[in-house]
Amino acid sequence: MLKITGYSDQISVAPGDAIKFMVNCEHREYRADIVRIVSGDLNPEGPGIIEEAIDTPVNGKYRGRKQRIHAGSYAMVPSSAPLESLKSFTVQVMVWPSTPLKGVQALVSKWSAKKKSGFALVIDASGGIAFMVGNGKGKVTTVAIGKPMVECEWYLAAASYDAKTREMTVLQEPLVEYPTIDDAGVEQKKAAIAPAMNQAPLMMASCYNGDTPRGDAAIGAAFFNGKLDSPAITAGVLSRAEISTILAGNAPTTLKQRMIGRWDFSRDITETTITDISSHRLHGKIQHLPTRGVIGYNWSGDELSWKHAPEQYGAIKFHDDDVYDAGWDVDFELTIPDTMKSGIYAARLQAGKQREDEEYIPFVVRPKPGKENKICFLFPITSYKAYANEHFATDPWPAELMTHRAVELDKHHIFLNEHREYGHSLYDRHSDGSGVHISSRLRPVLNMRPKAQTVLGGDGSQLWQFNADTHLTVWLEKMGYDYDVITDEDVHYGGTDVLKPYDVVLTGSHPEYYSKSMFDAVFDYTHQGGRLMYMGGNGFYWRVSYHNSAPGVIELRRAEGGSRAWAPKSGEYYTGFTGEYSGLWRRQGRAGPNAMAGVGFSAEGFDISTYYRRNPDSFNDRVKFMFKGIRKNELIGDFGLIGGGAAGLEVDRVEREFGTPPHALCVASSENHTDTYLVVVEDILFNLPGVGGQENEFVRGDLCFFETPNGGAVFSVSSMAWVGSLPSNDFDNNVSKLTKNVLDRFADPKPFPAKKAPAPAMKDSYTWRVKGSTPEA
């Protein structure tokens, strides 16, 4: 069990910037030290854990304290006079419950869970709609339909209270009636007490249970799973016909004047606010970023983008396990000194008598502007966020089938399984079974740590993402290169200007998730004379959106195709953050990874890795520099820390049809993968036998090189396991040699020549690999 966890408010800082650290610690005290991370792999066959202690003012002991994460999304409207002075009133909302039988779930409430005062429109234990009022003295009256709703179907839920007669009425009405299903009803009851209107906020998808320690949000209770659309509160007891006019937006003026609030969720889909279109303007905000830009009760199916018909996307999807910002209090704050060179750092936290409990909170230090080195490692925080706190080891994933070995549980796997409030990755599912669309770094991300082991990492060093990428940083250190580290989040916000100071940019081992700003910036960099070394596999694959006002969070809709952990609903392929079409980059109406890197995702497998064999293109004079010191028939990378070879986990191939430049050279290809490796699903039009590594020539990774305009160039290794071969034999091996040859040439400011020649005929992937791409080969 982990007894110390933490996170920071920033992931990327420069000298002079401040970074805040938030810590949860069950011990009485802990020690914090700032360290520079060089290598995070525990594998004894590799370089081991290498970290450099940094002397800073924040190093020292701190008092431990417990800090909780209050998960669950909701919308909240501050209390106000119109809400506090309600007498007779009607509350209504369209509801699409995804877990109607999970227990009490609040839909629209001005209810204090502690004082039991106010009112709440809820789903009760029966799975049906109920209405409750409380007098704040322990007495509550409830009227309920008592009929369970069908999950994932739309219903009108409404209730009224008559202050004169104390008559309570509740309505449950399905949008679609199904034969043999009894799920509609109206019930009435006289309340024994009058509701005591309180100063609690009006909440949707939850009810008020106090304030967070930081005081900027509420602690919720009775969280709702599902969609809400068009909530409204009106003074007086409405008829069924009047409820319909409120819902349709064509209420007569006299009825509009009685509206206390009518919240139109379609008004500000990209924001963290909700808009009240009544005259009272009781606007509110959402917490923990529930999913917006989802189809509402009135979606016709004619439009697939919410931007084209926002009035049909007036719903918000709430989840009881949504988490955006953990909201913890700050424990210490570091101002980055001028002496801290650019690199990967962490606040290392240690607690216990023997310092047996340990936590790392990683961050990146950028260089001072004007003080950049010529080589840059592009820290893929966007992809780290996509995998943040994944539950591959404990959720019903076929991990053992995919890896051909028993699952080994790391300590963070067990902790995350027991503490779902720490949130999910974009590969997980919410408690209601729906796919997770949104992932944030403003919480402890326990798999983005030195020493963390994973399930999908190959045999040997079972690493994925962060720790695997330290194989590259330790290699850069051992080879003596001066380099900077910046994040792709920096690139998202800063564009190509962030990359311009560098002659060479190296990616991580799996830069899978890219926003449009990131994609455009890296692509433009390579076409303005920059040199890109794509050091991984399955990169530039999914298109994600960053939120315009909430920092550190991404959204994904796994639209149409691809290797998907889940699929979005029809009509929900465009992100709520920006309205961009999400999904595979190669389906974006523009060339995707093959245009960027010359290669695109081709196959995956997670047992053992293999090697590369040189192709005819490797003898082309254009890449003579690459193979200096490497023999003609030498297998490349038949060794390594990740699966025992340089080609493994997820691999890419050249493919002109998908956008590989026609002048690209396919200099080497992997071979002899096991049948655990399978062709990616987006390349399969019919399910047929023969898609395994021993049968299908698409199951391979290709080393690819091509020149770009203005003297630039791109080199792609097309394998996640490549970096794991760099440290082998104390860094003296042909993968290390080839990588160094490329980096040295790419760091040379001499432009790559753009010798003109007739365009080669379009060829398939097999011809390219076996026969070469030019007559010179």
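Residues numbered from 1 in each chain as written. Predicted model: local features only at pLDDT ≥ 70, side-chain atom pairs only at ≥ 80, totals over all residues. Heavy atoms only, no water.

J.: I tried to follow the side chain of Gln172 on my own but got confused; where do I start?
T.: As for its placement among the helices and strands, Gln172 is situated in strand 14 (residues 167-174). In this structure Gln172 comes out as buried when scored by relative accessible area, which is 1%. A polar contact of 2.8 Å, which involves the side chain of Gln172, links it to the backbone nitrogen of Ile129. Here Asp183 takes part through its backbone oxygen, which lies 2.8 Å from a polar atom of the side chain of Gln172. (Helix = DSSP H or I, 4+ residues; strand = E, 2+ residues; numbered from the N terminus. Buried < 20%, exposed > 50% of the residue type's maximum accessible area, 1.4 Å probe, protein only. Polar contact = N/O pair within 3.5 Å; in protein donor to acceptor, adjacent residues only side chain to side chain.)

J.: What should I look at first to understand the pattern of salt bridges in this one?
T.: It is possible for side chains of opposite charge to pair when their charged atoms get near one another. This structure, assessed with the given rule, holds 37 salt bridges. Between Glu489 and Lys385 there is a salt bridge, with the nearest N and O atoms lying 2.7 Å from each other. Here Glu489, found in helix 8 (residues 488-494), pairs with Lys385, found in helix 4 (residues 381-386); they are 104 residues apart in sequence, far enough to count as distant. Glu489 sits in the buried class, given a relative accessible area of 7%. A relative accessible area of 1% places Lys385 in the buried class. With a shortest N-O distance of 2.7 Å, Arg700 and Glu697 are connected by a salt bridge. Taken together, the salt bridges that share partners define one network made up of Arg31, Asp33, Glu51 and Arg348. (Salt bridge = Lys/Arg side-chain N within 4 Å of Asp/Glu carboxyl O.)

J.: How should I be thinking about the sheet that holds strand 25 (residues 332-335) in this particular structure?
T.: In any sheet, the strands associate via hydrogen bonds between backbone groups, in a parallel or an antiparallel arrangement. An order of 1-3-25 is seen for the three strands of this open sheet, with the pairing classed as antiparallel. Edge positions in the sheet fall to strand 1 (4-8) and strand 25, since each of these pairs with one other strand and no more. Within the sheet, the average angular offset between the axes of one strand and its neighbour, ignoring direction, is 25°. Note that strand 3 (residues 18-25) and strand 25 share four bridges and pair antiparallel. Its bridge partner lying in strand 25, Ile19 is registered against Leu334. (Pairing = 2+ DSSP bridges. Axes fitted to C-alpha atoms, helices over the stretch in contact; angles between N-to-C directions.)

In short, shape yes, function no, at least from these values alone.
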